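If you want the building blocks of each chain, they are given just below.
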Amino acid sequence: MAEAVSKKGKLIVISGPSGVGKGTICAEVCRRLPSVYINVSATTRPKAASEVNGREYWFVSAAEFEGLKKDGKLLEYAEVFGNMYGTPREGVDRALSEGKTVILEIDVQGGRSVKSVYPEAVSIFILPPDTKELERRLEGRGRETIEAAQRRLQKAGKEMGEAEKFYDYKVVNDNLEKAIQRVIGIISNIDGEKR
Ligand code: ADP
Ligand code: 5GP
């Protein structure tokens, strides 16, 4: 579910299977393009030891998440891997009204919600070079248990099939630098061809 937002800046949705490199790419794009604002989502997922509240996510309780939903504070939300994830609208509205490019790093359900109320949003799906490499990255990151990593891999195939249908751009994250350049190209409107 999503509601309309102010439309001055550009809204970019970035999705892709867990472990494909979305966070790595987005952080680097943000570092290189000062006009880009990466929105921090709220989640009921437990915080990993390497994560900081307010940096990767706002880590909230289920009751707090319900409160955000009820008060209309979320632009979209979805259940992913048994936890709730949502996009707080306040920072997005503010950054868009300042003319910034806003990146939402959200799942395919969220991407669909945002597109339905904001068709001008540009959507980018990040793909791994192959499934084995995705598995290596996910397990190499070591954030989840092996079982949780396997659940994430199972979702990957389904998401990649769905993404083919409605994402504007697909970017294969094989060489990291090339993937960063491609995303920067899309955001900067240099890359006019949809692929
Ligand atoms: P996501 O945010 O999509 O879940 P991350 O950004 O956390 O994924 O990346 C998962 C792991 O893959 C990290 O350890 C990251 O350093 C690594 N990684 C990202 N891009 C590449 C790449 N092109 N080649 C090799 N490893 C990569
Ligand atoms: P992770 O737990 O690995 O950080 O994220 C799991 C999944 O949730 C990823 O696919 C990520 O893109 C998605 N996600 C993160 N924040 C949001 C959000 O605010 N809304 C939605 N719909 N998905 C999100």
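Refer to the structure above for everything that follows.
Everything quoted here is computed from the prediction, not taken from an experiment.

## Side note on the packing of helix 4 (residues 108–117) against helix 6 (residues 146–166)
Okay, so step 1: Closest axis-to-axis distance for the helix 4/helix 6 pair is 10 Å, and the angle between their directions is 20°. One element, helix 4, and the other, helix 6, form an angle in the roughly parallel class. For the pair helix 4 and helix 6, the sense of crossing is left-handed. Every residue of helix 6 that contacts helix 4 at Val-108, Gly-111, Arg-112 and Lys-115 is listed here: Glu-159, Glu-162 and Phe-166.

## Some points on the sheet that holds strand 3 (residues 41–43)
Okay, so step 1: Read from one edge to the other, the open sheet built from four strands follows the order 4-3-6-5, with strand pairing classed as mixed. Edge positions in the sheet fall to strand 4 (57–59) and strand 5 (74–80), since each has one partner strand and no second. Geometrically, the sheet is characterised by an average inter-axis angle of 25° between neighbouring strands, direction not taken into account.
Okay, so step 2: Across three bridges, the pairing between strand 3 and strand 4 is parallel. Looking at the pairing, Ser-41 lines up with Tyr-57 of strand 4.
Okay, so step 3: Contacting strand 3, strand 5 and strand 6 (83–88), helix 2 (residues 62–70) crosses the sheet at an angle of about 140° to strand 5.
Okay, so step 4: In this fold helix 3 (residues 89–97) packs onto strand 5 and strand 6, with an angle of close to 30° to the strand it touches most, strand 6.

## Comments concerning the site of ligand 1
Okay, so step 1: Close to ligand 1 lie 15 residues; Gly-19, Lys-22, Gly-23, Thr-24 and Arg-141 are nearest.
Okay, so step 2: In this structure, Gly-21 approaches ligand 1 through a main-chain N or O atom, which is 3.0 Å from an oxygen atom.
Okay, so step 3: Between ligand 1 and the protein, one listed contact pairs a nitrogen atom with a side-chain N or O atom of Arg-137 at 3.3 Å.
Okay, so step 4: Compared with its free state, where it exposes 570 Å², ligand 1 has 72% of that area covered by protein.
Okay, so step 5: Among the secondary structure elements, those contributing two or more residues to the shell around ligand 1 are helix 1 (22–32) and helix 5 (131–141).
Okay, so step 6: A per-class count over the shell around ligand 1 returns three nonpolar, six polar and six charged.

## Some thoughts on the sheet that holds strand 8 (residues 122–127)
Okay, so step 1: Taking strand neighbours across the sheet as the criterion, the five strands line up as 2-7-1-8-9 in an open arrangement whose pairing is parallel. In this open sheet, the two edge strands, each paired with only one partner strand, are strand 2 (36–38) and strand 9 (169–172). Averaged over all pairs of adjacent strands, the angle between their axes in this sheet comes to 25°, without regard to strand direction.
Okay, so step 2: Bridge count for strand 1 (residues 11–15) against strand 7 (residues 101–105) is four bridges, and the pairing is parallel. Within strand 7, the position partnered with Val-13 by the bridge is Leu-104.
Okay, so step 3: Those strands touched by helix 3 are strand 1, strand 2 and strand 7, and its axis lies near 150° from that of strand 7.
Okay, so step 4: Running at roughly 145° to strand 8, helix 6 makes contact with strand 8 and strand 9 of the sheet.

## Here we look at the packing of aromatic side chains
Okay, so step 1: The full count for this structure, using the stated rule, is four aromatic pairs.
Okay, so step 2: Between the aromatic rings of Phe-125 and Tyr-167, the centroid separation amounts to 5.4 Å while the plane-to-plane angle is 70°, which identifies the pairing as edge-to-face. Remark: Tyr-167 occurs in the loop between helix 6 and strand 9 and Phe-125 occurs in strand 8; sequence separation between them is 42 residues.
Okay, so step 3: Look at Phe-125 and you get buried, because its relative accessible area is 0%.
Okay, so step 4: When its relative accessible area of 4% is taken as the criterion, Tyr-167 is described as buried.
Okay, so step 5: In this structure an aromatic cluster arises from ring pairing among Tyr-57, Phe-59 and Tyr-85.

Parameters and conventions
- Residues numbered from 1 in each chain as written.
- Chains lettered and ligands numbered in written order.
- Predicted model: local features only at pLDDT ≥ 70, side-chain atom pairs only at ≥ 80, totals over all residues.
- Heavy atoms only, no water.
- Axes fitted to C-alpha atoms, helices over the stretch in contact; angles between N-to-C directions.
- Helix = DSSP H or I, 4+ residues; strand = E, 2+ residues; numbered from the N terminus.
- Parallel < 35°, antiparallel > 145°, perpendicular 65-115°, else oblique.
- Left-handed = near helix turned anticlockwise from the far one by under 90°.
- Contact = heavy atoms within 4.5 Å.
- Pairing = 2+ DSSP bridges.
- Near = heavy atom within 4 Å.
- Polar contact = N/O pair within 3.5 Å; in protein donor to acceptor, adjacent residues only side chain to side chain.
- Areas by Shrake-Rupley, 256 points an atom, 1.4 Å probe, with all protein chains shown as cover.
- Nonpolar A, V, L, I, M, F, W, Y, C, P; charged D, E, K, R; others polar.
- Phe/Tyr/Trp six-rings, centres within 6.5 Å; stacked < 30°, edge-to-face > 60°.
- Buried < 20%, exposed > 50% of the residue type's maximum accessible area, 1.4 Å probe, protein only.

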